[in-house]
Amino acid sequence: MTWFHAARARLRLLAPRAAEARIDDEIRFHIEMETQRIAREQQVGQDEARRRALATFGGVQQHRETLRDGRGTAWLSGLSLDLKLGFRMLVKYPGLTLIGGLAMAFGVWFGAVTFQMFGAITSTKLPLPDGDRIVRIQNWDLKTSKDEDRVLYDYQLWRATRSITDLGAYRDASVNLVGADGAAQPETAAEITASAFRIAPERPLLGRVLTESDEAAGAAPVVLLGYEVWTRRFDRDPQIVGRMVKLGDSFATVVGVMPEGFAFPMAHNMWLPLHMNSAGAEPRRGIAIKVFGRLANGMSLENAQAEFASIGKRLAVEHPNTHAQLQPYVTPYAQLGVNNTDKLAMMGLSYFFVVALMVVVCSTVALLLFARAASRESELLVRSALGASRRRIVTQLFAEALVLAGVAAVVGLASAQFSLTRLGRPYIEMNYGMLPFWVDFDLSPTSIVSALALAVIGAVVAGVMPARKITRGLGTRLRAGTAGGGGVSFGGVWTAVIVTQVALTVALPAVAMLVRGETKRVEAYDAGFATKEYLGATLGIEDALEETATPEARAALEGRVTASLDALRQRLEAEPGVSGVTFADALPAEDHNYLRAEVVSLPGAAPRWVAAARVHPSYFDVLQAPAVSGRLFTTADLSADARAVIVDRAFVDLVMSGRNPIGHRVRLGSGAASDSNGAQLPWYEIVGVVKELGMASAAMPQRVPGLYLPVAPGSQGANKLIVHVRGDPLSLAPSIRELAAAVDGALRVEQVMRLDQVTTPLLWLFNLWLRIIIGLTAVALLLSLSGIYAVLAYVVARRTREIGVRVALGASSRRVITSIFRRPLTQVSLGVIAGSVLIFVASIGVGNTTQFRGSGVGGVLTPGELVLLGGYAILMLGVCMLACVIPTMRALRVQPTEALRAE
Amino acid sequence: MPSRPQTDALHGSLDLLILKTLSIAPMHGWGISQHVRQISKGVLEVNQGSLYPALQRLEKEGLVTSDWDTTDNNRLARYYRLTTTGRRALGVELESWRRFAAGLQAVLDVP
């Protein structure tokens with residue numbers, strides 16, 4: 001029962017008030033009993049007896065303290081007192097609270113966002129029952145280092161494995177869905193096997209999910225709607241189940257609606273049965289599918305990997321032509337391309353970076369706290385004299401930093417949650433498409449705990465570091481009685497902190513200038529024609545082409561698509577306000593394909609990479625770009641034996657060195673190894689020259705030689721529609737969709753935009769960067785200013801007496817200022833120099849990157865930029881010196897008599 | 001040489017004295033100090049102030065336990081009593097003390 005008695009005793013001791021009362025009562029009883037005994041035995045009066053009793057007992061207060069310490073909770077009550085004091089300090093020094101708190105909150109925010117993003121990207125947890133047992137099975141092609149998704153043949157064998165149950169597959173499909181308003185719009189659908197609804201067993205909101213019978217050949221076509229599509233397209237029609245809806249050029253019956261948030265397998269809104277016809281599949285032929293399943297009971301991921309590896313080996317022997325290079329592998333379903341080793345390395349790196357940033361930020365907060373603690377040196381000396389140990393005083397200063405870090409952590413976490421869910425997620429989804437359903441941007445408990453740990457690290461750096469420094473030799477100072485006599489001084493560490501910050505403050509705006517310059521360049525991007533008058537759209541025909549296996553079927557489908565697009569062109573041209581319609585494989589200012597061009601009729605000319613566009617013969621007419629020399633394409637150039645190409649001015653300047661290119665012949669290759677025998681490659685004849693029409697993407701700063709090949713609409717990837725409109729091009733968008741649906745139900749119209757909007761996502765990214773860098777600069781500037789201010793204010797306070805004596809002895813204001821300014825001036829100058837060197841080195845580095853090589857950005861600075869940089873450095877010097885104004889004024893106001901009396 | 005209370009000799013043996021005293025009957029702190037003084041006829045004087053921290057320590061170790069009770073003259077006092085573990089510990093302490101005393105005696109007895 002020892003443990004029981006001991007535990008009871010400890011518990012009682014933990015209750016602070018009860019324990020205090022008990023100690024007092026016990027001591028009082030003891031003294032009274034002893035008083036009575038002494039009065040009785042020694043025949044003295046009560047007062048004398050009590051005095052003797054107290055003397056025998058020894059210092060009551062001291063024993064009381066010993067008992068309190070013995071309770072083992074002294075540190076607890078001490079800490080709560082320290083925390084209370086810490087809160088008072090927050091209110092008492094609002095400037096420090098604001099600046100230090102903001103800086104720490106920034107560190108916590110950055111940490112929380114990093115932890116959460118990292119967790120979201122690398123998490124393998126699926127919010128599904130048995131989520132950790134759901135796996136993805138893929139075939140890895142060793143030769144191309146890519147996944148081989150044409151696995152219909154393999155799928156048959158995989159179904160027979162023991163380690164996986166509920167094997168299923170899906171593929172993405174973008175289909176035109178006609179909604180309640182009669183308009184056809186493309187939706188992201190998954191053609192999927194019914195087993196998916198056993199893997200993700202969610203009850204439908206209405207109707208039923210897909211079943212195996214829906215997959216049978218000849219089964220009535222059905223569709224399962226997602227909550228979002230049901231809401232947006234059918235206005236939550238409760239009678240939707242059983243209704244026929246138009247999907248592409250056919251009809252399907254709605255069998256059910258899934259609840260909100262259901263998006264299995266990735267981020268899908270609509271589900272169709274997957275008709276695989278896998279029975280007669282040949283190895284590495286047929287449609288591309290993604291395969292998933294669940295680990296069977298008692299089977300581990302390793303068991304499954306072993307079983308699939310053995311299947312892979314067998315297939316490699318049986319089908320050496322197709323499977324020698326293929327390796328099936330099994331991974332957790334939610335794991336997206338990041339393996340565990342990379343994950344650990346990435347995690348280590350990002351955590352290191354986050355902690356490093358926090359330490360840097362908190363070193364400045366430490367500087368501020370140090371200055372504050374130094375100005376409270378007398379208080380600390382008195383506490384020390386009253387018996388507070390060094391550890392006790394360090395704890396107090398740590399508690400003050402902890403309170404600050406705690407407040408900062410709350411602010412940092414709240415803003416992290418806001419920026420992740422309100423800014424980060426919409427931004428990513430807008431630019432990179434919907435995220436998989438398991439990626440969660442809400443701060444996870446792990447991220448919150450990590451961020452709080454970061455705040456504690458910050459508190460240790462900001463609190464303990466200065467506390468240890470200021471309490472060093474406190475006893476000596478106490479004995480010497482030199483409170484306020486200059487025992488504490490700022491060391492090299494603080495100088496380094498200030499220099500680093502000033503350097504960052506100087507260097508960061510240069511990065512902002514670079515980004516701003518890029519933004520301006522992209523904004524000013526000239527595609528060579530009036531992009532505002534044109535509408536661009538992507539026509540969905542590529543998926544349809546992939547399905548067909550035989551070349552004959554492919555040709556037939558291509559013929560159909562060309563016919564449909566031609567029909568669409570004619571219908572569009574008949575629309576009021578439309579003055580031209582054409583097609584290309586990429587919109588101007590977008591990334592183009594690159595081909596290796598060799599001008600064979602120019603002896604000794606080395607092959608060069610050129611941007612190549614496949615365009616409809618009407619392209620240049622519609623873009624109102626007449627031939628500069630030679631001729632434009634005609635429909636005759638579309639024939640199989642025609643060999644005409646058109647080049648732009650950049651081609652003439654960069655490839656032909658200004659020579660007239662008309663009549664010259666070029667060989668075009670993709671740059672692959674098969675091109676090595678150049679003579680085998682087809683050659684083309686340059687028939688015309690046009691001006692530069694946005695062949696270089698807006699992100700590229702250099703001129704790029706451009707080359708045009710003629711193409712029929714829809715063939716060879718020419719699925720971008722360009723329409724020249726008088727008036728507002730965007731007003732035409734609805735009619736394009738209607739006309740496309742009328743011409744061919746399978747024709748999807750996606751990404752409709754004005755051609756000047758091609759650069760919008762890029763500009764957005766640049767703006768985001770710009771804002772982040774401006775934020776960082778502001779934090780660095782704020783920290784260095786407050787750091788300089790704190791140090792100087794402290795120095796002036798310490799040297800009040802010295803300044804007074806100097807003034808008394810007749811020193812001029814100038815001398816006083818010089819003596820005060822020397823140190824901060826040195827620090828700021830060092831910082832500005834370091835920052836300038838950083839900019840110089842970085843600009844040379846930037847100039848040598850592939851992105852900017854030869855573009856004139858970066859490299860050795862021009863005189864103009866040097867002047868700008870010098871001016872900025874001087875400005876920074878001035879701004880930093882502003883932080884010195886108040887302390888200096890204070891120093892100059894020191895009256896000699898006052899200063900001398902201070903001693 | 002005038003006799004004086006041998007408080008110094010008590011260093012290290014305070015726990016033993018407390019445990020021994022409590023093995024006779026549950027007692028409050030003042031009672032323990034009086035008992036030691038009376039039995040030793042004033043030779044041993046427990047440092048009263050350090051008695052309570054020692055009691056607190058023994059209680060935390062589970063060797064004694066305490067509760068409020070009334071004294072003979074109807075006053076409320078905190079009574080300490082020995083636990084089973086405390087009784088066992090007393091045996092061990094006593095044995096070790098006796099060995100120590102015998103050793104000390106042997107050294108002092110050498111003429």
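Residues numbered from 1 in each chain as written. Chains lettered and ligands numbered in written order. Predicted model: local features only at pLDDT ≥ 70, side-chain atom pairs only at ≥ 80, totals over all residues.

> Which parts of the structure should I look at to understand the overall build of chain A?
Regarding its fold elements, chain A presents 29 helices and 22 strands. Evaluated residue by residue, chain A yields a buried proportion of 38% over its 903 residues. Once local pairs closer than 6 in sequence are excluded, the contacts in chain A between residues at least 24 apart make up 81%. (Helix = DSSP H or I, 4+ residues; strand = E, 2+ residues; numbered from the N terminus. Buried ≥ 20, exposed ≤ 12 C-beta atoms within 10 Å, placed from the backbone. Contact = placed C-beta atoms within 7 Å.)

> It is not clear to me how the overall build of chain B should be interpreted in this structure. Could you clarify?
Each helix and strand in chain B was counted, giving 4 helices and 3 strands. The 111 residues of chain B split such that 27% are buried.

> Hey, could you run me through the pairing of strand β8 (residues 250-257) of chain A in this one?
All names here are of chain A. Sheet topology places strand β5 (residues 206-207) next to β8; 2 bridges connect them, and they run antiparallel. Across the sheet, L206 pairs through a bridge with V257, a residue of β8. Two strands pair when backbone bridges link them, and strand β6 (residues 222-225) and β8 are joined in this way by 4 bridges, in the parallel orientation. Along β8, the bridge assignment pairs V222 with T253. Strand direction decides the pairing type here: strand β7 (residues 244-247) and β8, joined by 4 bridges, are antiparallel. By the bridge assignment for β8, K246 is matched with F251. The turn linking β7 back onto β8 is made up of 2 residues, and G248 within it adopts a positive phi angle of 60°. (Pairing = 2+ DSSP bridges.)

> How should the packing of helix α1 (residues 14-24) of chain B against helix α4 (residues 84-109) of chain B be read in this particular structure?
Two numbers describe a pair of packed helices, the interaxial angle and the distance between the axes. All names here are of chain B. Two elements in contact, α1 and α4, have axes separated by 10 Å at closest approach and are oriented at 125°. Classified by the angle their axes make, α1 and α4 are oblique. Crossing angle aside, the handedness with which α1 passes α4 is left-handed. Contact with α1, carried on its side by D15, L16, L19, K20 and S23, involves G86, R87, A89, L90, E93 and W97 of α4 and no other residues of that element. (Axes fitted to C-alpha atoms, helices over the stretch in contact; angles between N-to-C directions. Parallel < 35°, antiparallel > 145°, perpendicular 65-115°, else oblique. Left-handed = near helix turned anticlockwise from the far one by under 90°.)

> What's the story with unusual backbone geometry in this structure? I'm lost.
Across residues other than glycine, the phi torsion is negative in most instances, and most of the peptide bonds are trans. Residue and element names in this part refer to chain A. Following F264, the chain continues into P265 via a peptide bond in cis, with omega recorded as 5°. Relative to the helices and strands, P265 is located in the loop between β8 and β9 (270-273). The backbone of D130 sits at a positive phi, close to 60°, despite the residue not being glycine. Relative to the helices and strands, D130 resides in the loop between α6 (94-122) and β1 (134-141).

> Explain the nonpolar core here, please?
In globular proteins that are soluble, nonpolar side chains generally tend to be buried together. Membership of the largest hydrophobic core comes to 219 residues, with the highest contact counts inside it found for M104, V108, V645 and V723 of chain A. Counting residues in each nonpolar core, the second largest holds 20 residues, with L14, I32, V46 and L63 of chain B among its members. (Core = buried A, V, L, I, M, F, W, Y, C linked by C-beta atoms within 7 Å.)

> When you look at the environment of D648 of chain A in this model, what are you seeing that I'm missing?
Looking at where D648 of chain A falls in the secondary structure, it is placed in strand β17 (residues 644-648). Those residues in contact with D648 of chain A, other than ones at most four positions away along the chain, are V689, V690, K691, E692, L693, M695 and G706 of chain A.

> Just to check I follow, could you spell out the confidence of the model for chain A for this structure?
The predicted coordinates ought not to be read in detail in places where the model reports low pLDDT. Counting all residues, the mean pLDDT for chain A is 82, and 89% of those residues have values of 70 or more. Per-residue pLDDT stays below 50 along residues 482-487 of chain A; that stretch engages in 10 contacts with residues further than four places along the chain or on separate chains. (pLDDT = per-residue confidence, 0-100.)

> Can you help me understand the packing of helix α2 (residues 29-39) of chain B against helix α3 (residues 48-60) of chain B in this one?
Residues and elements named next belong to chain B. Contact geometry for α2 and α3: axes closest at 10 Å, N-to-C directions at 120°. By the angle class used here, α2 and α3 are oblique. The element α2 and its partner α3 pack so that their crossing is right-handed. Seen from α2, the contacting residues are G29, I32 and S33; seen from α3, they are Q48, L51, Y52 and L55.

> What's the story with the sheet that holds strand β2 (residues 64-70) of chain B in this structure? I'm lost.
Strand pairing in a sheet relies on backbone hydrogen bonds, with the paired strands running either antiparallel or parallel. Residue and element names in this part refer to chain B. Strand order across the open sheet formed by 3 strands is β1-β3-β2, with antiparallel pairing between neighbours. Every interior strand has two partners, whereas the edge strands, β1 (27-28) and β2, have only one. With 7 bridges connecting them, β2 and strand β3 (residues 76-82) associate as antiparallel partners. Within the sheet, the bridge partner assigned to T70 lies in β3 and is L76.

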